Amino acid sequence: MKHLVKGLLLLAVALVLCQAPQDLAQAKVKVKKVTVKSNYGTSVHVAVGKKVKLTTTVKVSPNKSANKKVTYKSSNKKIATVSSSGYVKGVKTGKCKVTVTSKKNKKKKAKITVYVVKKVTSVSITKPKNSLYVGNSVTLNATVKPASGSYKKVTWSSSNKSVATVSSAGVVKGIKAGDVTIKATSVEGSKKSASLKMTVLSTNSVSIASVEVLSENVVRVGLDKAKTLTENQFTLEGKKYSYGNYSRKFAIAQLRNYDNRTYDITLSPEYTVEKDSYVRVTIADLPGNGVKSMESQAVFVRTSNPKEEKWLGLVGDKWEKTVNLSDYGCGNISYQVTGSIPGISCKIRNNSLIFSGELTTVTVGTDITIKGTDELGSTFTQIIHVYVGNASTIVAKAEDMTVVTGTEWEGKEFVSAVGGSGKYSFSAISMPNGIKMNSEDGTLSGKVSGIGEYRVWVTVSDEENAERTFQTYAVIKVVDQKKVTGSVVDTKGQPVADAVVTCVNIKDGSEYTAKTDAAGAYILYVGEGSYDITAAFAEKTDTVYNIAVGSGGRQISFRLETD
């Protein structure tokens, strides 16, 4: 019996000695903290049907992978599920939570909020430009669709961080000269992305920033830095179709250098650029790794809305009036017409609207609104005010105008009237300072002063029947004068006297003219704005297009071809 008890005791001691190291190791594992986040933040946004991987961190001692194992649990599996490896899958739109629990210590856990959203269908990058200089930065923006219900956050990446880096906010910084691709990727599991190729320019680079075909014979080239260039450094080529080859090389007649950054190239007379064709400008020896070649389509589109018109007529008059707004759009124009004129039909003929017929009804201030839409989806609107009188009804119109302060008028036409007896007297109120209206014919005379916008009310009375009157108004805008000066010479450098220089305001159509003196010099006073300016003598012309005239005025010289 004693031997049996002694044996059992020895066995028990052996078992205890065997088990102690394992229990001791188990007792030393200490879980300090469990944290969880998504690959982009402290919450999860996952699209329906897509997966996003959770990043889980377990601070534990000893720091061994076996001690870092966790379990995952979703608070609502109808919203989102989660796999044993931490992949969250969206089931339907909504919100729930995922709990992560340490296997070593179930008291140590962490939670993360899950938002299940609509799947991203596309990502695009909007940019101010796709190049920047070494040391400079530019901010890109990502547009995520659909606009409603999707998560808009993206991650940014650079294909070559030695050329350019990009921050989490889309700020790209140039590091060294070269090409790089910046990528924006959705983060809710759809993996939709957009890429933008960018060029980082060396600090000495000069690039072509813009090419614009101003007319059938003038091309404007803009540089991003000032650089003095000569005519023979430019190469101009043309093609008719976008898919064609540049088989035509244009000869250059004249190069205008405005500020060493903006150049206007006038083609030789034997060349013209067709509407909707393409022009490519190359300046091969520009320094650095900037843009040395750029193309532009000759759309010849006016950027302002068409000017309002006023149509005046008598019952019984036969009209055939044409409205063509193709100068305001590209390609074929479709029209939508609101309003009608009694007796007048409206038909579309190619890019024109034809209003034709015989006026049948007195009309006072009927408006016709014409909305044009071009092939690119751009829209533009013209409004036409229609006035129709008869033997017993007077109607009249007065023309809106812009005039420079200091302008002198003598018999300036302003008001037109029809109807009644045909004999009228005219009066006006709210006229600009220094201007008077002739009561017999409605013309204006005097010297304009007083900068501002004047709504001039005009009353037209029938001299044979005082009860027949009509009141209308027009806006006279008086602007401060800016001086445009220069000279006109021929190709031999000789002055051209009596050449007519005309400035036409691009926005409102106001026109100013002057003649050159014996030395070929001219002075024009215009309002601040952008102008097309033409010098003409006999059949010879030279034009500069879309030239800004600011507070300091402008100096523009012209050269007319010699026979």
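Just so it is clear, the structure is predicted and the values come from calculations on it, not from any experiment.

1. Concerning the sheet that holds strand 36 (residues 408-412)
Logical step 1: As summarised here, the arrangement of the three strands in space is 36-40-39, forming an open sheet in which the pairing is antiparallel. The two strands at the open ends of the sheet, each matched to only one other strand, are strand 36 and strand 39 (433-437). If you compare each strand with its neighbour and ignore which way they point, the axes differ by 20° on average.
Logical step 2: Pairing geometry for strand 36 and strand 40 (residues 444-449), over three bridges, is antiparallel. The residue of strand 40 that forms the bridge with Trp409 is Gly446.

2. Observations regarding the nonpolar core
Logical step 1: In terms of nonpolar packing, the biggest core is built from 27 residues, with Phe414, Val415, Met437, Leu444, Val460 and Ile476 touching the most fellow members.
Logical step 2: At the level of secondary structure, the elements contributing two or more residues to this core comprise strand 34 (395-398), strand 35 (401-404), strand 37 (415-418), strand 38 (424-429), strand 39, strand 40, strand 41 (452-462) and strand 42 (465-479).
Logical step 3: Non-local contacts of Met437, meaning those with residues more than four positions away in its chain, are made with Phe414, Val415, Phe426, Ser427, Ala428, Met431, Gly442, Thr443, Leu444 and Val458.

3. A short note on the layout of surface pockets
Logical step 1: Of the voids in this model, the largest pocket is the one considered here, and its volume is about 1100 Å³.
Logical step 2: Looking at the largest pocket, it is lined by 36 residues, and the ones nearest its centre are Asp400, Met401, Thr402, Asp508 and Ser510.
Logical step 3: Elements supplying a minimum of two residues to the lining of the largest pocket: strand 27 (309-314), strand 35, strand 36, strand 42, strand 45 (511-515) and strand 46 (521-526).
Logical step 4: With four residues, strand 35 is the largest single contributor of residues to the lining of the largest pocket.
Logical step 5: Class assignment for the residues of the lining of the largest pocket results in ten nonpolar, twelve polar and 14 charged.
Logical step 6: Lining the second largest pocket are 27 residues, and of these Phe300, Val301, Arg302, Thr303 and Ile506 lie nearest its centre.
Logical step 7: Taken together, the elements giving at least two residues each to the lining of the second largest pocket come down to strand 19 (208-215), strand 26 (293-297), strand 33 (379-389), strand 44 (500-505) and strand 48 (540-549).
Logical step 8: Among the elements that make up the lining of the second largest pocket, the one with the highest residue count is strand 19 (four residues).

4. Looking at a negative patch on the surface
Logical step 1: A cluster of acidic side chains, namely Glu413, Glu440, Asp441 and Glu463, defines a negative patch on the protein surface.
Logical step 2: The class of Glu440 is exposed, set by a relative accessible area of 64%.

5. Description of unusual backbone geometry
Logical step 1: Cis geometry is found at the peptide bond from Ser61 to Pro62, where omega equals 0°.
Logical step 2: Within the secondary structure, Pro62 is located in the loop between strand 4 (55-61) and strand 5 (70-74).
Logical step 3: Residue Lys145 is joined to Pro146 through a cis peptide bond whose omega torsion reads 10°.
Logical step 4: Relative to the helices and strands, Pro146 is located in the loop between strand 13 (141-145) and strand 14 (154-158).
Logical step 5: Phi is positive for Ser430, close to 65°, though the residue is something other than glycine.
Logical step 6: Within the element layout of this structure, Ser430 appears in the loop between strand 38 and strand 39.
Logical step 7: Residue classification places Ser430 among the partly exposed residues on the basis of a relative accessible area of 43%.
Logical step 8: One non-glycine residue, Asn546, lies in the positive phi region at around 50°.
Logical step 9: Topologically, Asn546 is positioned in strand 48.
Logical step 10: Classification of Asn546 by relative accessible area gives partly exposed; the value is 32%.

6. So, the pairing of strand 47 (residues 529-537)
Every regular strand shows the same layout, with side chains that alternate between the two sheet faces.
Logical step 1: Strand direction decides the pairing type here: strand 44 and strand 47, joined by six bridges, are antiparallel. Paired with Val500 across the bridge in strand 47 is Ala536.
Logical step 2: The pairing of strand 47 with strand 48 spans eight bridges and is antiparallel. Residue pairing for strand 48: Phe537 is matched across the bridge by Lys540.
Logical step 3: Turn length for the strand 47-strand 48 hairpin, with the two strands adjacent in sequence and antiparallel, is two residues, and the turn residue Ala538 shows positive phi of about 55°.

7. Focus: the pattern of salt bridges
Logical step 1: According to the stated counting rule, one finds eight salt bridges in the structure shown.
Logical step 2: A salt bridge links Asp264 to Arg220; the shortest N-O distance between them is 2.7 Å. Here Asp264, found in strand 24 (residues 262-267), pairs with Arg220, found in strand 20 (residues 218-223); they are 44 residues apart in sequence, far enough to count as distant.
Logical step 3: We note a salt bridge from Lys423 to Glu464, for which the minimum N-O separation is 4.0 Å.

Conventions used here
Residues numbered from 1 in each chain as written. Predicted model: local features only at pLDDT ≥ 70, side-chain atom pairs only at ≥ 80, totals over all residues. Heavy atoms only, no water. Pairing = 2+ DSSP bridges. Helix = DSSP H or I, 4+ residues; strand = E, 2+ residues; numbered from the N terminus. Axes fitted to C-alpha atoms, helices over the stretch in contact; angles between N-to-C directions. Core = buried A, V, L, I, M, F, W, Y, C linked by side-chain atoms within 4.5 Å. Buried < 20%, exposed > 50% of the residue type's maximum accessible area, 1.4 Å probe, protein only. Contact = heavy atoms within 4.5 Å. 1 Å grid on protein atoms, 1.4 Å probe; cavity = no way out; pocket = protein on both sides within 12 Å on 5 of 7 lines; lining within 4 Å. Points joined across faces, edges and corners; volume = space filled by probe spheres on them. Nonpolar A, V, L, I, M, F, W, Y, C, P; charged D, E, K, R; others polar. Patch = residues over 30% accessible without salt bridge, like charges linked within 9 Å, V, L, I, M, F, W, Y side chains within 5 Å. Areas by Shrake-Rupley, 256 points an atom, 1.4 Å probe, with all protein chains shown as cover. Salt bridge = Lys/Arg side-chain N within 4 Å of Asp/Glu carboxyl O. Lys, Arg positive; Asp, Glu negative; His and termini not counted. Charge placed at Lys NZ, Arg CZ, Asp CG, Glu CD.

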